[in-house]
Amino acid sequence: MKEKLVNAIADMNEKEAMHLAQTMLENGEDPQAILDAGSEAMARIGDRYDAGEYFLPELILAGDMMRQLGDLVKPKLRAGAAQRKPFGTVVIGTVAGDIHDIGKDVVAFMLDVNNFKVHNIGVDVSEATFVDKIRELKPNVVGLSGFLTLAFEQMKKTVEAIKKAGMRDQVKIMIGGSIMNEEAAEYAGADAYGADATTAVKFAKSWTGGK
Amino acid sequence: MSEKSPQELYQERVKRCLDVAALKVPDRVPVFGPYQLYPYTFAGVTLKDAMNDYALAREACHKFQDYFQPDLDFGPILAYPAPAMELLNIKWFKWPGHGLGNHTMYQYVDSENMTAEEYDEFIEDPSHFIMSKWMPRSFPPLQGLSDWPAIRRFMWFGWTGGLAGLASDSVQEALRNAAAAGEELGRWFDSIVQYADEMKAKGTPQLYAAFDWAPFDIIGDTLRGTREILMDMRRRPDKLHEALEVATRIFIEYGSGAAGADLPYCWIWMHKATRNFMSDEQFKTFYWPYLRKGMLALIDKGIIPVVYCEADVESRLEHFADVPKGKVIYHVSTTDMAKAKSVLGGIAAIAGNVPNILLLSGTPDDVRAYCKKLIDTAGKNGGFIMDAAVMLDEAKAENLKAMINFTKEYGVYK
């Protein structure tokens, strides 16, 4: 039944997936098995996204199915379930002045699916908050997102603030957003520009030795 | 060179911009003014002040236009009227002084203002849905409109209860608040019209005669919200298709305002069309057919759709090519222009795509070199309009000046 559940989620058959999960719980199966099925399905969804078979709608729907599964099993879950050690920690946010979040959330989701510990710190994030969060969470990678052209300057300010706080050497910084490019990354003083979530994952893995 | 009168300049610019759309080789490559925050930045005015003081916004746009002299002008319409927005307390917007800094472009807050269960209500009577559900959710001071009676039931003896409903305290209060906001909006529109008249007197046409939104975005932007509509393509495709039919009729109504204008450009904001948002299959199922149908209806009215893509649309070019020849302009943003020209050349004019980062961090020489390449490839035999890739917030004035002046010199067709 677990394999069926994996398939249902990965194939975007939401109703079937929820029905299967419910039935598994009623049959007394381990709630952890349902979450494992979810993770397995997410990996498959990630692969299909990389392959250009799935797009944003599928990622959002997948995220929503995971949320529903979580709501379903959490009350029955035992504490202390074993977890894989993440490749690294990522702090990601949309820079100050910009409140666009969809692209950033997809990147956060894909990093999460690919075994990173992701702290998505939201939109309109000031340089000071980025600095505080980096100090507090000690990430390996920082993701700066921006949709508006004002983000060119704000990303630059943010990188400068990180430098000023003496933490530039501790983190790799990547930027993304529809009008961003290599030049914008250079202007901001970031390490890389990623055109999509897949590239962001690739960078994060290359910087942390994740495979 | 003899000095042209403003009337001559105006006619010349209108002709140039009609010719380029019709794929007749114009006298030279037209150049748009890439607007948004930049005119106010250039004039030294904060967006907050421009949104609150309509005369100041006009003045800033005059200053920008006088100095840079692009062929067409957006004017102060993108400096939305803050006083009206405050009266309405819009839920799905943030603007300077309301969640954003004084000189930051206002932004839309993605939100769901039509639930999945409300599709039928919208499809059956969109006006009543907008009035009684969307308006109160968008504008809290208009909460009373949730008691708005359905006008479709006013006939025969329905008028008795209907009119009584209109007189209820809640509806009356909402109408008073709506009228106050409406009066403020009237002052703003007066300012927009005044500016357009002043610009015409100086010889510059306005870039838009109407604004429009693709049917998919009409449903996705402020009704369902982005996340919800993207999932709806899988969860409830049939309902979405029905709603898109309704939205297409609304699209045609919005755009039809451009009919009969000197330059009947209908500026269409395209929000969720790129590969970042959906697959090609989804695009050709849910997005493109409705937009195309709507555009064809506008073209029948003599209107020129200008589709502002706002992102790389290389993967959509083959679809874009399926329109009547010489009737549409695609503003293709960061798309590879050689590719765009090879697919759309002889079918539709293309506009763009000077990188915004280049206008900010490059030099005038860099800009000129980029524009030369654009004119040589995309501009070959007409069908091309010079512009920034996306609307401009920040730039160096000398770079923008270089883009515009170089186009005027090098972009002449001989």
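Residues numbered from 1 in each chain as written. Chains lettered and ligands numbered in written order. Predicted model: local features only at pLDDT ≥ 70, side-chain atom pairs only at ≥ 80, totals over all residues.

A.B. asks: It is not clear to me how the overall build of chain A should be interpreted in this structure. Could you clarify?
C.D. replies: Scanning chain A from terminus to terminus reveals 9 helices and 5 strands. Listed by position from the N terminus, the elements making up chain A come as α-α-α-α-β-α-β-α-β-α-β-α-β-α. Taken over the C-alpha trace, chain A has a radius of gyration of 18 Å; the compact-globule value for 211 residues is 17 Å, and the two agree within 12%. Counting the 211 residues in chain A, one finds 51% classified as buried. (Helix = DSSP H or I, 4+ residues; strand = E, 2+ residues; numbered from the N terminus. Rg over C-alpha atoms; globule rule 2.2 N^0.38 Å. Buried ≥ 20, exposed ≤ 12 C-beta atoms within 10 Å, placed from the backbone.)

A.B. asks: Explain the environment of Glu58 of chain A here, please?
C.D. replies: Residues and elements named next belong to chain A. Summarising the element assignment, Glu58 is placed in helix α4 (residues 56-73). The class for Glu58 is buried, based on 23 C-beta atoms found within 10 Å. For Glu58 and Arg48, which are 10 residues apart along the polypeptide, the C-alpha to C-alpha distance reads 9.7 Å. Discounting chain neighbours no more than four positions away, the residues touching Glu58 are Met12 and Ile45. (Contact = placed C-beta atoms within 7 Å.)

A.B. asks: Help me out: how do you make sense of the sheet that holds strand β7 (residues 329-331) of chain B in this one?
C.D. replies: What holds strands together in a sheet is hydrogen bonding between their backbones, with the strands either parallel or antiparallel. Residues and elements named next belong to chain B. The sheet built from 6 strands is open, its strands ordered β4-β5-β6-β7-β8-β9 with parallel pairing. Each edge of the open sheet is held by one strand with a lone partner, namely β4 (210-213) and β9 (384-388). Across the sheet, the mean angle separating the axes of adjacent strands is 25° when strand polarity is ignored. Each of β7 and β8 (349-354) touches helix α15 (residues 337-344); the most contacted strand, β8, lies at about 175° to it. (Pairing = 2+ DSSP bridges. Axes fitted to C-alpha atoms, helices over the stretch in contact; angles between N-to-C directions.)

A.B. asks: Where do I start with the interface of chain A and chain B in this structure?
C.D. replies: Put simply, an interface is often sized by how much accessible area is lost when its parts join up. Facing 23 residues of chain A, the contacting portion of chain B comprises 32 residues. If you list the elements that add at least two residues to the side of chain A that touches chain B, you get α4, α5 (102-113), α7 (150-164) and α8 (182-188) of chain A. For the side of chain A that touches chain B, the element with the most residues is α4 of chain A, which contributes 5 residues. Split into classes, the residues belonging to the side of chain A that touches chain B amount to 14 nonpolar, 5 polar and 4 charged. (Nonpolar A, V, L, I, M, F, W, Y, C, P; charged D, E, K, R; others polar.)

A.B. asks: So what exactly am I meant to see when it comes to the pairing of strand β4 (residues 172-176) of chain A here?
C.D. replies: Look at any regular strand and the pattern is simple: side chains alternate between the two faces of the sheet. Residues and elements named next belong to chain A. Within β4, 5 of the 5 residues are buried, which leaves it mostly tucked inside the rest of the structure. Both strand β3 (residues 141-145) and β4 contribute to a ladder of 5 bridges, which runs parallel. Opposite Gly143, over in β4, you have Met174 as the bridge partner. With α7 bridging β3 and its parallel neighbour β4, the resulting β-α-β unit is right-handed. Pairing of β4 with strand β5 (residues 192-193) involves 2 bridges; the strand directions are parallel. (Right-handed = clockwise from strand over helix to strand, strands pointing away.)

A.B. asks: Got a minute to help me understand the environment of Pro215 of chain B in this structure?
C.D. replies: Tracing the sequence through the fold places Pro215 of chain B in helix α10 (residues 215-224). Of the residues examined, Pro215 of chain B has 26 C-beta atoms within 10 Å and is grouped as buried.

A.B. asks: What is the right way to look at helix α11 (residues 226-235) of chain B in this model?
C.D. replies: The periodicity of an α-helix, 3.6 residues per turn, causes residues three or four positions apart to be oriented the same way. Judged by how many residues are buried, α11 of chain B sits mostly within the fold: 8 of 10 residues are covered. Looking only at α11 of chain B, the buried set comprises Thr226, Arg227, Glu228, Ile229, Leu230, Met231, Asp232 and Met233 of chain B. Buried residues belonging to α11 of chain B abut α4 and α5 of chain A together with α10, α12 (237-255) and α13 (280-300) of chain B.

A.B. asks: How should the domain arrangement of chain A be read in this particular structure?
C.D. replies: Residues and elements named next belong to chain A. Segmenting chain A into domains produces domain 1 (2-76) and domain 2 (89-208). On a C-alpha basis, the centres of domain 1 and domain 2 stand 28 Å from each other. Opposite the 8 residues of domain 1 that make contact, domain 2 presents 6 residues. When contributions to the side of domain 1 that touches domain 2 are tallied by element, the ones reaching two or more residues are α3 (31-50) and α4. Per-element accounting of the side of domain 1 that touches domain 2 gives the leading share, 5 residues, to α3. (Domains from an automatic or database assignment.)

A.B. asks: I'm lost on the packing of α10 of chain B against α11 of chain B in this one. Help?
C.D. replies: A packed helix pair is summarised by two numbers, namely the angle formed by the two axes and the spacing between the axes. Residues and elements named next belong to chain B. At a closest axis distance of 7 Å, the pairing of α10 and α11 adopts a crossing angle of 130°. Put simply, α10 runs oblique to α11. You can see that α10 and α11 cross each other, and the crossing is right-handed. For the pair α10 and α11, contact is made by Ile219, Gly220 and Arg224 and by Thr226, Glu228, Ile229 and Asp232, respectively. Residue composition of the contact of α10 with α11, by class: 2 nonpolar, 2 polar and 3 charged. (Parallel < 35°, antiparallel > 145°, perpendicular 65-115°, else oblique. Left-handed = near helix turned anticlockwise from the far one by under 90°.)

A.B. asks: When you look at the pairing of strand β6 (residues 304-308) of chain B in this model, what are you seeing that I'm missing?
C.D. replies: Residues and elements named next belong to chain B. The buried count for β6 comes to 5 of 5 residues, which makes it a mostly enclosed element. Residue alternation in β6 divides its side chains into two sets, Ile304, Val306 and Tyr308 and Pro305 and Val307, and both sets are buried. Where strand β5 (residues 265-269) lies against β6, 5 bridges are found, and the strand directions are parallel. Bridging from a neighbouring strand, Tyr265 pairs with Ile304 of β6. The β-α-β motif built from β5, the intervening α13 and the parallel element β6 has right-handed crossover chirality.

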